[in-house]
Structures are given as C-alpha cells and as structure tokens.
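# Structure assessment
Below are the chains, spelled out letter by letter.
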Amino acid sequence: MFKLSKKIIELPPYLFLEIDKAKRKARAEGRDIIDFGIGDPDQPTPKHIIEALYQAAQDPANHRYALDQGMLSLRRAIEGWYKRRFDINLNPDTEIIPLIGSKEGIAHFPVAFLNDGDYTLVPDPCYPPYKGGTILAGGTPYLMPLLESNDFLPDLKKVPLSIRKKAKIIYINYPNNPTGATADKSFYKEVVKFAKENKLIVVSDLAYSEMSYDGYRPPSFLEVEGARDVAVEFHSLSKTYNMTGWRVGWACGNPELVSALEKVKSNVDSGIFSALQLAGIAALEGPQDHISRMCAIYQERRNVLVKGLDALGWQARLNKATFYVWIKLPKNTDSVKFSAHILGKADIVVTPGVGFGKYGEGYIRMALTVPEPRINEALERLKKLK
Ligand SMILES: *Cc1c(COP(=O)(O)O)cnc(C)c1O
C-alpha cells in the first residue's frame, strides 16, 4: 500500500538473514551453538565506568536535554585521550563532536556533503554504514576492492578519473573490519595526496585502534602531515571499553567537517544522555589496565583459533589487530552456503564474507568473542566434519 523511497529500495539487502534464521532455529531446537558471528565483546564493561553511570544517573541535573555538541568536559577528555595516545592536539570547541555511537555519525556524515549523483569511494568488503549512509544521503557508492594481493588496501590508482570527478568522500578503516588488515603511515600519506588531488574528504574509521597484538600500535590517520586539511576520524568507546550497547563515540579532525556533522545532528537528535557522557569521561580518564588484559585474551584466542584452523588446512590470517579472523575458502566456494553448511553440521556460526560486499565472497569472518575452551570445542567439531 505504501511506496518505499528509492533510497530505501537501493539499500543493500541484509545478507545475514538466512544465517540468522538458521541460528534462531538451531537455538530453539536446543542445539549447542558456538557463535563466532558477532563482533561484540564478550567481556563486561569495567566496573568503574558502570559506577560512574550509576552515580551520574542519580543527579537530576543529568535528566534534562544534553547539549547537542556534547559536554565540554567530555570533549576535553577526548582531547586528552588523543594527545596521550597519538600526540595529536585537538581543539575541543571546534575539532571534536561526541556521537551516539560512531555508527550514528558515520551514517549521518554524508548528508552534510552529498548531492544527488555524487559518489563516495567505499572499500569492499566493509562495515555496512559506509554504503548505507551514502545511499540514504542520495549518493552512490563506488566500490574499491580490498584484495589479499594488495594486503586488503584499496588500490587508489584503479579508481577511474570519471569517478574521481564525481566523488566527494573516501572511506578508510584500519585496523579493518572484516579483514583484520592494518595500514601504515605510508598508505595514509598516499591517501592524503590522493584526497588533495581529487578534492575528496577522507573519513577514517578508527574503531579498533586499541585492539592490537604482538606489540603493534595502530596509528591515527590524523598523525600524517596534511591529513587534518582533508579528514575527519571516527572513534568509539564500544570496542576499547566493552561498551557497544552504551552508544558513545565521537568524530574529530578538520573543523569544517566536524561542524557540518554537528549541523546535521542538531536537526536529528538532541545529544547523548548526560550520565552516559560522564561515564564516557570515566572510561577515557580512568584506569586503562583492562585494555592490555583484553588484548592478551584476544591474542591468545587468535593464536589458538588460527593454529587450529591451520592444522585443518584452512587459510586463516594471523592479524595484528581487531578481533576478527578472515578466512579464505577453497576456490569457488559460496560463502553463504558454506556458513549454512557448518552451522547445520557442526552447530558453529560464522559470518559469510559476501555479507560485507561482493569482494568479500570466497571468505568467512570469525570473531574472537568466544572463550578459549569453546574455540577448542569448535575446532574438534570442524575436525570431525572432514
Ligand atoms: C564496531 C565498529 C564501529 C563502532 O561502532 P559504534 O557505533 O561506535 O558502536 C565502527 N566501525 C567499525 C568498522 C566497527 O566494526
């Protein structure tokens, strides 16, 4: 009866539908499912952050509308965190905007810059809101394949001139979801040059900067010379502090880009619950020791899983960051069918690569959000499959 908008019809289909349905059915049948599908930390939020929320929630001053641009004290905490972590100076008044989770900001950002017919350059496979946000803003995503042969970095030279002319935004996300790949500053320098030559805005998604292994420390895009002329960086408390459900993130970088996003948001939401903002300050300024413990847990799980899969003859990458293992399937294997097969036969949930875009076909993603004994159990089940 109601006619959907062209934009909504254009949004990519939700490809995890089949697996989700099969997973629910298996659970309802009482089967013992081991779920490597969800990129959501299994550890709880540190206690001092929960305590800060609890305290702040009691204060009636925090029950009213928050300011759209976020509390100055939170913006200062973000400023301090960027300074300590990356030695980057940000102006809390003009270069930082808190978000209701970074996904919210990533999805809203293109509204500020795209007109109908404009393009964005989107890595594929990718975190879905780059495409979704582009389409909802009336734009068209141009897909830059992330191929193993190029270490899952986009090959900027391959973007056709005709597309560069119509493009406004390029998205980069390292450490990368779903491939787990990382980028160094030499790649970032290339992106800055490419963006300046083609008058592009760079959106850098740094959600996984604190989830890294073997001594590796991911850089911020903003560390590279000239980056702040062209870039906005999105970050979030979700993965670093086990706070995915809380919805606190931020964007920072070029002040024109930050203020344009602020303008969009002031028309859409009315700020983050003040008690959550105060809890966010507690996260950023409180003890950070849980981060190294968290990374040690994921690193050990990664080692166990990748070694076990290796022994089974699977091609799994030993990534230096993120809690994802990206696994190449045998040639011409359909990732959705493969995922359905191991759910059906071994009660193990994985994510088909094609769900992140067409260049993810031929791969599956496994999230390290499963305790070690269960990883071993999963490996035993997979061994019996053969
Ligand atoms: C998890 C994740 C985020 C964080 O999203 P929030 O909305 O802040 O929870 C951002 N980008 C990527 C690529 C992610 O995987």
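Residues numbered from 1 in each chain as written. Predicted model: local features only at pLDDT ≥ 70, side-chain atom pairs only at ≥ 80, totals over all residues. Heavy atoms only, no water.

A separate point is the site of the ligand. The environment of the ligand is formed by 14 residues, the closest being Asp-205, Tyr-208, Ser-238, Lys-239 and Arg-247. Residue Ser-238 places a side-chain N or O atom 2.6 Å away from an oxygen atom belonging to the ligand. Between Lys-239 and the ligand, the recorded distance is 3.3 Å, taken from a side-chain N or O atom to an oxygen atom. When isolated, the ligand has an accessible area of 390 Å², and the protein chains bury 95% of it. Its atoms largely coinciding with the cavity grid, the ligand occupies the largest pocket. (Near = heavy atom within 4 Å. Polar contact = N/O pair within 3.5 Å; in protein donor to acceptor, adjacent residues only side chain to side chain. Areas by Shrake-Rupley, 256 points an atom, 1.4 Å probe, with all protein chains shown as cover. 1 Å grid on protein atoms, 1.4 Å probe; cavity = no way out; pocket = protein on both sides within 12 Å on 5 of 7 lines; lining within 4 Å. Sits in = over half its atoms within 2 Å of the grid points.)

Let us look at unusual backbone geometry. Cis peptide bonds are those with omega within 30 degrees of zero, and the linkage from Asp-124 to Pro-125 qualifies with 5°. Among the structural elements, Pro-125 can be located in the loop between strand S3 (119–124) and helix H6 (129–136). Cis geometry marks the peptide bond from Asn-177 to Pro-178, where omega comes out at 15°. Examined against the element boundaries, Pro-178 turns out to sit in the loop between strand S5 (167–172) and helix H8 (185–198). Unlike most non-glycine residues, Thr-322 shows phi in positive territory, near 70°. As for its position among the elements, Thr-322 is in the loop between strand S9 (315–316) and strand S10 (324–328). (Helix = DSSP H or I, 4+ residues; strand = E, 2+ residues; numbered from the N terminus.)

In this section: the domain arrangement of the protein chain. Along its sequence, the protein chain is carved into domain 1 (6–44 + 289–383) and domain 2 (47–285). Listed as interface residues are 33 residues of domain 1 and, on the opposing side, 34 residues of domain 2. Between domain 1 and domain 2, a total of about 3,200 Å² is buried, with carbon and sulfur atoms accounting for 62% of that surface. The interface formed by domain 1 and domain 2 contains two salt bridges. We note a salt bridge from Asp-214 to Arg-302, for which the minimum N-O separation is 3.0 Å. Where domain 1 meets domain 2, there are 15 residue pairs in polar contact (both at pLDDT 80 or more). Secondary-structure elements contributing two or more residues to the side of domain 1 that touches domain 2 are helix H1 (6–10), helix H12 (289–311), S10 and strand S13 (363–367). Here the side of domain 1 that touches domain 2 is composed, by residue class, of 16 nonpolar, eight polar and nine charged. (Domains from an automatic or database assignment. Contact = heavy atoms within 4.5 Å. Buried area = accessible area lost by both parts, 1.4 Å probe. Salt bridge = Lys/Arg side-chain N within 4 Å of Asp/Glu carboxyl O. Nonpolar A, V, L, I, M, F, W, Y, C, P; charged D, E, K, R; others polar.)

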